Amino acid sequence: MSALVLTGASSFLGRALLAALPAGRFPELRLLIHHRRPEQLPAGSRVVTIAGDLLKPDTLHELVSPGSTVIHLAYLGPPHRDEENVAAARNLIAACRDARIRRLVHCSTAVVAGNVPDDVITEATVCRPCTEYERVKYHIEEEMREAAAGAHGLAILRPTQVFGPGGRNLLSLAGRIVSASGAVNWVYSSLQGRRRMNLVSVYNVVAALGFLATADGGVDQQTYIISDDGAPTNNFRDVERILGRELGRERPAPPLTLPPRLLSAVLRARGRSNTNPDRIYSDAKLKAAGFAKPWSFEGALADFARWFRAHHSPAP
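Scope of this entry: the structure provided in the associated data block.

About the cut-offs
- Residues numbered from 1 in each chain as written.
- Predicted model: local features only at pLDDT ≥ 70, side-chain atom pairs only at ≥ 80, totals over all residues.
- Heavy atoms only, no water.
- Core = buried A, V, L, I, M, F, W, Y, C linked by side-chain atoms within 4.5 Å.
- Buried < 20%, exposed > 50% of the residue type's maximum accessible area, 1.4 Å probe, protein only.
- Helix = DSSP H or I, 4+ residues; strand = E, 2+ residues; numbered from the N terminus.
- Contact = heavy atoms within 4.5 Å.
- Polar contact = N/O pair within 3.5 Å; in protein donor to acceptor, adjacent residues only side chain to side chain.
- Expected span 1.5 Å × (residues − 1).
- Phe/Tyr/Trp six-rings, centres within 6.5 Å; stacked < 30°, edge-to-face > 60°.
- Pairing = 2+ DSSP bridges.
- Right-handed = clockwise from strand over helix to strand, strands pointing away.

## Some points on the nonpolar core
Among the nonpolar cores identified, the biggest contains 35 residues, and Ile71, Leu157, Leu209, Leu212 and Leu286 are the most heavily contacted of them. Of all the secondary structure elements, the ones that give two or more residues to this core are strand S1 (4-7), helix H1 (12-20), strand S2 (28-33), strand S5 (103-107), strand S7 (153-159), helix H7 (202-214) and strand S10 (222-226). The element best represented in this core is H7, accounting for eight residues. Beyond its immediate sequence surroundings of up to four residues, Leu212 is in contact with Arg103, Val105, Ala155, Leu157, Val219, Tyr224 and Leu286.

This is the structure:
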């Protein structure tokens, strides 16, 4: 196996991926470092850090080595503009083409599906991105597909809402469960009902990235969704219940159940592009390719709750 090249190594996903890599799986790890070097690096591999920037093409040509596998996790947040994210992707695409890499594994997002009426989203769903974030993410996917054709392998992963220790998703919910009054929590639970949360464990996402990086050529020029939507408890009320149990804050009274139309109106008022409370994202295609998730949904929720308890203890 040739070198593994990683952008976004210091991000939430990047740190989790580095922690999950089997020792010695890749003889060399080449990491693009913009702000800070990751604190923990896997053993058994030669680690090369390249101080650089996705907006500076020269540093990317130093980063990407011939025949390597590239996992692209980085996304430029504020104050960077949308066009800068597109430019950054184009710079990486050019470096991959010039180095004649083996495969590019690009981490996109499942919400590129946008505003579609379907209850079940698959890779075959015709995307209708409606927010700027969704449009930029989808545009980057399209440019990567066009550039990879006839040049190198490409696998695009579309995760749903990623959660886990160190991530932002579920922080506000867990914080409210432990800090707000029972009445406030009851109101939130009544408003949200059994809205599908479309969460996915960070452990399952990084396992999917590793799978796509090392699989044979059957995954090339393909797009895959990774989600935990197959778990029936992946809805607001059950997630709140499980977190409450793990955090020692059981729900005091059964919440109300609002009509689906009212719940859709609440989502629309909050500016969500997806106002369908029953939407799920299917990862059947990834499973059919041979991928098996290492974590159950409820096990990952309990793990997150343990981390939250350890790092966000309420003030005395």
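Now that the structure is up, let's keep going.
## As for unusual backbone geometry
Even without being a glycine, Leu170 presents a positive backbone phi close to 80°. Inspection of the secondary structure assignment puts Leu170 in the loop between strand S8 (161-163) and helix H5 (171-179). Leu170 gets classed as buried once you look at its relative accessible area, which sits at 8%. With a phi close to 60°, Gln221 is a non-glycine residue in the positive phi region. Note on placement: Gln221 falls in the loop between H7 and S10. Given the relative accessible area of 44%, Gln221 is considered partly exposed.

## Notes on the side chain of Thr233
With respect to the secondary-structure elements, Thr233 resides in the loop between S10 and helix H8 (236-246). Judged by its relative accessible area of 11%, Thr233 is buried. At 3.4 Å, the side chain of Thr233 and the side chain of Glu298 are in polar contact. In this view, Thr233 contacts Asp238, Val239, Arg241, Ile242, Phe297 and Glu298; residues no more than four positions away in its chain are not counted.

## Digging into helix H11 (residues 297-311)
Look at H11: 21 Å from first C-alpha to last across 15 residues, which is about the 21 Å you get at 1.5 Å a residue. Within H11 the residues assigned to the buried category are Phe297, Ala300, Leu301, Ala302, Asp303, Phe304, Ala305, Trp307 and Phe308. Turning to H11, the residues buried within the fold contact S8, H5, strand S9 (199-201), H7 and H8. For H11, the capping residue at the N-terminal end is Ser296, with a side-chain oxygen 3.0 Å from the backbone nitrogen of Gly299.

## Comments concerning the packing of aromatic side chains
Tallied over the full model, the rule gives seven aromatic pairs. Ring centres 5.6 Å apart and planes at 80° place the aromatic pair Tyr75 and Tyr133 in the edge-to-face group. You can see Tyr75 sitting in the loop between strand S4 (69-72) and helix H3 (82-99) and its partner Tyr133 sitting in helix H4 (residues 132-148), a full 58 residues away along the chain. Between Phe211 and Phe291, the ring centres sit 5.7 Å apart and the planes meet at 55°, which makes this aromatic pair tilted. Remark: Phe291 occurs in the loop between helix H10 (284-288) and H11 and Phe211 occurs in helix H7; sequence separation between them is 80 residues.

## A word on the pairing of S5
Here S5 lies mainly inside the structure; five of its five residues are buried. Side chains Arg103, Val105 and Cys107 of S5 all project onto a buried face; the interleaved residues Leu104 and His106 project onto the opposite face, where all are buried too. By the bridge criterion, four bridges tie S4 to S5 in an arrangement that is parallel. Across the sheet, Ile71 pairs through a bridge with Val105, a residue of S5. Regarding the hand of the β-α-β motif, the stretch spanning S4, H3 and S5 is right-handed. Taken together, the five bridges between S5 and S7 define a ladder with parallel strand orientation. Counterpart to His106 in the pairing with S7 is Ile156.

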